Amino acid sequence: MASSIAIAEVRPVNPALRFLTIVPGVLLLAAVGYAGKVLEANVGKYAKAHHWTFPNIEYVLWAILLGLVISNTVGVPEIFRAGVATYEFWLKAGIVLLGARFLLGDVLKLGGTSLALVGIEITLAIAFMTFLGRVFGLRPKLTSLLAVGSAVCGVSAIIATQGAIDADEEDSSFAIAAILALGALSLFTFPLIGHALHLNDHAYGVWSGLAVDNTAEAAAAGALYSDAAGKLAVLTKTTRNALIGFVVLAYAFYWASRGQAQAVGNKAKFLWQKFPKFVLGFLIISTLATAAFFSKEQIGALANLSRWAFLLTFAGVGLRTNFKALSKQGLKPFAVGAIGEVVIAAFTLGLVLAAQRVFGW
Amino acid sequence: MSEQVQAAVPAKQRGFSMDAWAVLLAFVLAALVRAGVFKHIPW
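Residues numbered from 1 in each chain as written. Chains lettered and ligands numbered in written order. Predicted model: local features only at pLDDT ≥ 70, side-chain atom pairs only at ≥ 80, totals over all residues.

Student: I would appreciate a short explanation of the overall build of chain A in the present structure.
Tutor: Of regular secondary structure, chain A possesses 17 helices and zero strands. For 361 residues, the compact-globule formula gives about 21 Å, and the C-alpha radius of gyration of chain A, at 20 Å, lands near that figure. Over its C-alpha atoms, taken along the principal directions, chain A stretches across nearly 65 × 50 × 45 Å. Of all 361 residues assigned to chain A, the portion counted as buried reaches 53%. Taking as baseline every contact in chain A between residues at least 6 positions apart, the subset at least 24 positions apart corresponds to 81%. (Helix = DSSP H or I, 4+ residues; strand = E, 2+ residues; numbered from the N terminus. Rg over C-alpha atoms; globule rule 2.2 N^0.38 Å. Buried ≥ 20, exposed ≤ 12 C-beta atoms within 10 Å, placed from the backbone. Contact = placed C-beta atoms within 7 Å.)

Student: Would you mind going over the environment of A:Asn56 with me for this structure?
Tutor: With respect to the element layout, A:Asn56 can be found in the loop between helix H1 (15-49) and helix H2 (59-72). Each C-alpha atom, one on A:Asn56 and one on A:Lys37, is 12 Å from the other, the two residues being 19 residues apart in sequence.

Student: Just to check I follow, could you spell out unusual backbone geometry for this structure?
Tutor: Across the chain, the bulk of peptide bonds are trans and the bulk of non-glycine residues have phi less than zero. Positive phi is not limited to glycine here, since A:His51 has a value of about 55°. Its location among the elements puts A:His51 in the loop between H1 and H2.

Student: Before we go on, may I ask you to explain the confidence of the model for chain B in this structure?
Tutor: Low-pLDDT portions of the prediction should not be read for the details of their coordinates. Residues and elements named next belong to chain B. Per-residue pLDDT for chain B averages 76, and the proportion of residues at 70 or more is 67%. This model gives residues 1-12 a pLDDT under 50, and the stretch forms 41 contacts once residues within four places in sequence are excluded. Both scores are available for the predicted complex, with the pTM at 0.79 and the ipTM at 0.76. (pLDDT = per-residue confidence, 0-100.)

Student: What exactly am I supposed to notice about the packing of helix H4 (residues 87-98) of chain A against helix H10 (residues 215-225) of chain A here?
Tutor: Think of two packed helices as two axes; the pair is described by the angle between the axes and how far apart they sit. All names here are of chain A. Between H4 and H10, the least distance of the axes is 10 Å, while the angle of their chain directions is 60°. As summarised for this structure, H4 and H10 are arranged oblique, according to the angle between their axes. Considering only the axes of H4 and H10, their crossing is left-handed. The residues of H10 that touch H4, namely those facing Tyr87, Glu88 and Leu91, are Thr215, Ala216 and Ala219. (Axes fitted to C-alpha atoms, helices over the stretch in contact; angles between N-to-C directions. Parallel < 35°, antiparallel > 145°, perpendicular 65-115°, else oblique. Left-handed = near helix turned anticlockwise from the far one by under 90°.)

Here you go:
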C-alpha cells in the first residue's frame, strides 16, 4: 500500500526540477491550511446564526482534520506527495521565526528548566522502552530505534540513529510507523486530558513538548490548547531536539562496542552533524529580538510569518497520516510504543505538575 | 510494508541539509522584514 505516511525519498535531481515537483504539494498544504482558517472563522458564526450548539474549533484542528479526511479517503495523489513532504521544512522555518516571540532571558530560563525535565524524561523513556522491547521480544535494534524515537524527537531521531547503528530499514520503518501513529493519537488525547485536569497553558505546553514525540505533532498538540501553550510546547520540544546528537552518539558507541555498528571517529563532527541547526537559528533570532534589532511591528510580522509556516505544517500532519497504512506495520512495535507512550505521558505529567508547584507556573 | 515508510529513510544528501535551508529561509524572511520590504504580514 503506497500511502502518505512519511517523507518522500530524497533523490539527487536538478534543483530547478526538484523545486517544480514540490510546488503542487505546497499549494495543497496552503489550500488545506487556509481552508482550516476559513472554517474556524465561519463555522462558529454559522452555527450561532442557526442557534446550534457547536464547539469552537480552532484552525489547527480543522487543518489537521481536513488533511486526515483527504489522506484517508481519496488519498494524496502522487503529484502532491513531494510537496506535502516539505511540512517538516516549514515547521523548522516556523520554529526559527518563532524565536522573535521569545526574549533570550526567557529562553534561557524556560530552556534551563526544560533541560532538567528533558534529561529526566530521556533517561526514563530509554530505560522503559528498552525494558518493554525485551519483554515483548523485539529485535534489539528495533528496540533501540523505538527508545530513541520516544525519548528524543520521533522520526528525525529514528532516521539519525538508523544510520549510526546500522539498523535495518525494516526496523526503522516499524519504529517510524509506531511513532507516527501514536503522535496522531496524541493530537486528540492530549488536549482532552489537559482540559480535564484544568492544566494552565504553561504546564500543558511543557507537558506536550516533553511527551509528544514528533516535533510537528508536539507543536500541533500545544497549539490545539492555546497559542501560549503552543509556544511553550515548541520551546520544550526544541530543547529535547537539541540533545539528539548525544543520545544517538551513545547508541552508536553501544552498538559499535558490540561489533554491530561502525565505530565513531570524530565525536565533535558527529555531534555537529546530528545537531538540529534550526535550534541555533531559533536562538539567533531570539537574541536579535532581545537586542531590539526588530521593532515591535516587525516582531509582529515575524510572528505571523511563523504562524503561516506552522499552518502548512499542521495541514501536512493530517495529509501524511494514513491510518490504514500505519495499521499494517505490525502490532508488536505498536504495542510496545503505545504502552511506553502511555507510561511516559503519565510520568512526564507528574513531573510537570511537580515542577509547576516548585516554580510557581 | 509500505513503500512510503521505507522511503522515509532518506538517501545520503549532498550540500545543505533541510534544516540548514529552513534556517536560511527564516533568516532571509527576517532580513526582508527588518529592511521594510514586508511591512505587515496579515494573519
